[in-house]
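This is what each chain is made of:
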Amino acid sequence: MNNNATFPVQLTDFAANKVRLLIKNKATNNSNLKLRVYVIGGGCSGLQYGFTLDEEKSSDDYIMENNGVTLVIDPVSLQYLFGGIIDYYEELEGSRFVVINPNAKTTCSCGSSFSI
């Protein structure tokens, strides 16, 4: 487990508050859930972001906390997310978690996929 005072990805307060509400509102109300952010192949730009509430963490995961919410990122995904910001948007079209990624060279119009 890698914990750094200067974690290379930020979780906004707004996103942390939304995660806390999602965990609280889940049927299990499982306080062991963490927000896992990951990158996988796919999407219209080549790579895409994934978000899940996860109880598990591996010994090599990067972990940070904000407002009582734990963010977990595996080392492979972290290389694509380094310097990024995890946020949550509520708009007329809907609401969603987003990644503001300074490493992305191109992104799709919906913002869920990117290329480096």
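Computed from a predicted model, the values in this text were never measured in an experiment.

Undergrad: Which residues make up the overall build of the protein chain, and what values go with them?
TA: From N to C terminus, the protein chain includes two helices and nine strands. Of the regular secondary structure in the protein chain, the N- to C-terminal order runs β-α-β-β-β-β-α-β-β-β-β. Residue pairs in contact within the protein chain that sit at least 24 positions apart in sequence constitute 56% of those at least 6 positions apart. Summing over all exposed atoms, the protein chain offers an accessible surface of approximately 6600 Å²; the carbon and sulfur share of this is 48%.

Undergrad: Residues and numbers for the packing of aromatic side chains, please.
TA: Tallied over the full model, the rule gives three aromatic pairs. For the ring pair Phe-14 and Tyr-88, a centre distance of 6.0 Å and an interplane angle of 50 degrees mean the geometry is tilted. Residue Phe-14 is located in helix α1 (residues 13–25), and its partner Tyr-88 is located in strand β6 (residues 85–91); the two are separated by 74 residues in the primary sequence. Judged by centre distance (4.7 Å) and plane angle (65 degrees), the rings of Tyr-88 and Phe-97 are edge-to-face. The class for Tyr-88 is buried, based on a relative accessible area of 7%. On the basis of relative accessibility, which here comes to 16%, the residue Phe-97 falls in the buried class. Through a chain of ring-to-ring contacts, three or more aromatic side chains come together here, namely Phe-14, Phe-51, Tyr-88 and Phe-97.

Undergrad: Tell me about the environment of Asp-60, residues and numbers included.
TA: Tracing the chain through its elements places Asp-60 in the loop between β3 (47–54) and β4 (62–66). Judged by its relative accessible area of 39%, Asp-60 falls in the partly exposed class.

Undergrad: Now, about the sheet that holds strand β7 (residues 94–100): what can you tell me, with residues and values included?
TA: One open sheet holds the three strands; their spatial order is β1-β6-β7, and the pairing between them is mixed. Either end of the sheet is taken by a strand with one partner, and the two such strands are β1 (10–11) and β7. Bridge count for β6 against β7 is seven bridges, and the pairing is antiparallel. In the sheet register, Glu-90 faces β7, and the bridge partner there is Ser-95. The strands touched by α1 within the sheet are β1, β6 and β7, with β6 carrying the most contacts at an inclination of about 75 degrees.

Undergrad: Quick one: what's the story with unusual backbone geometry, residue by residue and with numbers?
TA: Despite not being glycine, Asn-67 shows a phi value in the positive range, around 50 degrees. Along the chain, Asn-67 turns up in the loop between β4 and β5 (69–73). The class for Asn-67 is partly exposed, based on a relative accessible area of 39%.

Undergrad: Summarise α1; cite the residues concerned and give the values.
TA: Under the 1.5 Å per step criterion, the end-to-end length of α1 is 18 Å for 13 residues, consistent within 8% with the ideal 18 Å. Every buried residue of α1 is listed here: Ala-15, Ala-16, Val-19 and Ile-23. An end-on view of α1 places all buried positions within 100 degrees of arc, on one side of the element. Exposed positions of α1 whose direction lies more than 90 degrees from the buried face are Lys-24 and Asn-25.

Definitions and cut-offs
- Residues numbered from 1 in each chain as written.
- Predicted model: local features only at pLDDT ≥ 70, side-chain atom pairs only at ≥ 80, totals over all residues.
- Heavy atoms only, no water.
- Helix = DSSP H or I, 4+ residues; strand = E, 2+ residues; numbered from the N terminus.
- Contact = heavy atoms within 4.5 Å.
- Areas by Shrake-Rupley, 256 points an atom, 1.4 Å probe, with all protein chains shown as cover.
- Phe/Tyr/Trp six-rings, centres within 6.5 Å; stacked < 30°, edge-to-face > 60°.
- Buried < 20%, exposed > 50% of the residue type's maximum accessible area, 1.4 Å probe, protein only.
- Pairing = 2+ DSSP bridges.
- Axes fitted to C-alpha atoms, helices over the stretch in contact; angles between N-to-C directions.
- Expected span 1.5 Å × (residues − 1).
- Arc of directions from axis to C-beta.

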